[in-house]
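Coordinates in review
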Amino acid sequence: MGKTLNPEVGLHLSVPVLGCRYRRPVQTRQPQFLEVSDAQAQAANRGDWDREADSYQAEHGEFLRDTGFLWSPEGVDEADVRLLGEVAGSRVLEVGSGAGQCSRWLQSNGAEVVAFDLSWRQLQHSRRLDLETSIDVPTVCATATAIPLAAATFDLACSAFGALPFILDIERALTEVGRVLRPGGRFVFSVVHPLRWVFPDDPTEAGLTAARSYFDRTPYVEIDDEGSLTYAEPHHTLGDWISAIGAAGLTVERLVEPEWPPGQDRVWGGWGPVRGAFVPGTAIFVTRQPD
Ligand SMILES: C[S@@+](CC[C@H](N)C(=O)[O-])C[C@H]1O[C@@H](n2cnc3c(N)ncnc32)[C@H](O)[C@@H]1O
């Protein structure tokens, strides 16, 4: 068991390795592993994404492309892999859409899209890209554990590292996505590969020595100087994901573990060619709502 967040009793910074966050840790905050509730994590993460959205888009926007659908830092492109199948004429929900690059690609390929995200600042970037590309993505500010949309109204749902890597209660989020899907609808989502949690979040060889138990689910967190939680990222094992998908009533069609592409040198947080040669960084689940 990990420690529990309790500002009354102070905090102990005992764990030197970082977690598996999708973007780099903010240097002024103390990283550690600590038990937090899903509500605490979501409140912290909303603030974190609002604060960090500008630098995130500045750092990764060019790689993501304003109208492009990348599943992961390995550069897996939906235009090549077609994990969603045919999207033209489909009604598609993007979960944790950020600046809506994936939604914009879907719309430009004939889909009717609705996108939602927890962070208003990320959605402001989405609006900025609407204006720059003349492709308008309808957005809602919402959390994946309480999607404010009607049941059985989408043919497809997708999420490229959106929402799910940051949620403790993944069964609830998956159940919500399943609820808005029509029978037979597919939900494809990418997350940090669970194996990554064993290693320090370091793209160099130093990040190749196992440092934590795969079975320790204590979330990675960051705490500010006042003792407030500012960021949380949970760990779920592969078995946890499979169980949660099943409990949400969805079935797994495929699990894609992208290999690092030869010749790609770009480092994204803990992802890069050195570790990519040895361990997977991303898991892409292709799931389906039964007919
Ligand atoms: C890494 S971005 C993914 C967006 C885009 N695919 C990309 O690669 O930039 C993660 C997004 O998930 C959003 N997010 C985090 N927790 C969420 C939640 N509980 N519900 C909805 N969105 C959430 C964040 O605000 C952020 O915009």
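A few points on the structure. (Residues numbered from 1 in each chain as written. Predicted model: local features only at pLDDT ≥ 70, side-chain atom pairs only at ≥ 80, totals over all residues.)

This part covers the overall build of the chain. A tally of regular secondary structure across the chain gives seven helices and eleven strands. Taken over 291 residues, the chain has a buried fraction of 46%. In the chain, the proportion of contacts linking residues at least 24 apart, taken out of those at least 6 apart, comes to 75%. (Helix = DSSP H or I, 4+ residues; strand = E, 2+ residues; numbered from the N terminus. Buried ≥ 20, exposed ≤ 12 C-beta atoms within 10 Å, placed from the backbone. Contact = placed C-beta atoms within 7 Å.)

Our focus in this paragraph is the sheet that holds strand β3 (residues 91–95). What holds strands together in a sheet is hydrogen bonding between their backbones, with the strands either parallel or antiparallel. Ordered in space as β5-β4-β3-β6-β7-β11-β10, the seven strands form an open sheet in which the pairing is mixed. Strands at the two margins of the open sheet, each flanked by one partner only, are β5 (139–141) and β10 (251–256). When the angles between neighbouring strand axes are averaged without regard to direction, this sheet yields 15°. Strands in contact with helix α4 (residues 120–133) are β4 (112–117) and β5; relative to β5, the strand with the most contacts, it is inclined by about 165°. (Pairing = 2+ DSSP bridges. Axes fitted to C-alpha atoms, helices over the stretch in contact; angles between N-to-C directions.)

Here we take up the site of the ligand. Within the structure, the ligand sits among 21 residues, and W49, G96, G98, L118 and S119 are positioned closest to it. Broken down by class, the residue content of the shell around the ligand amounts to eleven nonpolar, nine polar and one charged. (Near = placed C-beta within 6 Å. Nonpolar A, V, L, I, M, F, W, Y, C, P; charged D, E, K, R; others polar.)

Moving on: unusual backbone geometry. Trans peptide bonds make up the majority, and among non-glycine residues the majority have a negative phi. Despite not being glycine, R82 has its phi angle at roughly 50°, a positive value. Relative to the elements of secondary structure, R82 occurs in the loop between α2 (78–81) and β3. Among the residues examined, R82 registers 10 C-beta atoms within 10 Å and is labelled exposed.

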